[in-house]
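So the chains spell out like this:
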Amino acid sequence: MGWHDALAAKSAESGKTSADFRAGAQRKAKATFLFLLLAGVVFYLAGWPWALLPGVLAAWSAFQSRSALMIASRLEAMEAQRRRG
């Protein structure tokens, strides 16, 4: 069992649904875009060393978005299995 599988199982036990994680992934994707935009502006105004901070925040936000999508897909599979049987 992988890390995302364990997180999905724990989330299902606490009553979270795949829709919750899909909404969270969408919020994180929007934040990623804004951090990338900020990194571009900072790069233009102050140079690349200062643009690293919003760039790292963008990478972290993208990782969180991808993880939320992976958990949502596993929860959807669990929800479909519960409906079938």
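To keep things clear, this report deals only with the structure shown in the data block.

**Concerning the side chain of Ser11**
(1) Moving on: Within the secondary structure, Ser11 is located in helix 1 (residues 3-13).
(2) Moving on: If sequence neighbours within four positions are ignored, Ser11 has contacts with Lys16, Phe21 and Leu75.

**Remarks on the nonpolar core**
In globular proteins that are soluble, nonpolar side chains generally tend to be buried together.
(1) Moving on: Counting residues in hydrophobic clusters, the biggest one holds seven residues: Ala8, Phe21, Ala25, Ala68, Ile71, Ala72 and Leu75.
(2) Moving on: Contributing elements (two or more residues each) for this core: helix 2 (18-46) and helix 3 (48-84).
(3) Moving on: In terms of residues, this core owes the most to one element, helix 3, which gives four residues.
(4) Moving on: Leu75 has contacts with Ala8, Ser11, Ala12, Lys16, Thr17, Ser18 and Phe21, leaving out every residue within four places of it along the chain.

**Points about the packing of helix 2 against helix 3**
(1) Moving on: With their axes 8 Å apart at the nearest point, helix 2 and helix 3 run at an angle of 165° to one another. If you check the angle between helix 2 and helix 3, you find them roughly antiparallel. Like other packed secondary-structure pairs, helix 2 and helix 3 cross with a definite hand, here left-handed.
(2) Moving on: Residue classes in the contact of helix 2 with helix 3 are distributed as 23 nonpolar, seven polar and four charged.

What counts, and where the lines are drawn
Residues numbered from 1 in each chain as written. Predicted model: local features only at pLDDT ≥ 70, side-chain atom pairs only at ≥ 80, totals over all residues. Heavy atoms only, no water. Helix = DSSP H or I, 4+ residues; strand = E, 2+ residues; numbered from the N terminus. Contact = heavy atoms within 4.5 Å. Core = buried A, V, L, I, M, F, W, Y, C linked by side-chain atoms within 4.5 Å. Buried < 20%, exposed > 50% of the residue type's maximum accessible area, 1.4 Å probe, protein only. Axes fitted to C-alpha atoms, helices over the stretch in contact; angles between N-to-C directions. Parallel < 35°, antiparallel > 145°, perpendicular 65-115°, else oblique. Left-handed = near helix turned anticlockwise from the far one by under 90°. Nonpolar A, V, L, I, M, F, W, Y, C, P; charged D, E, K, R; others polar.

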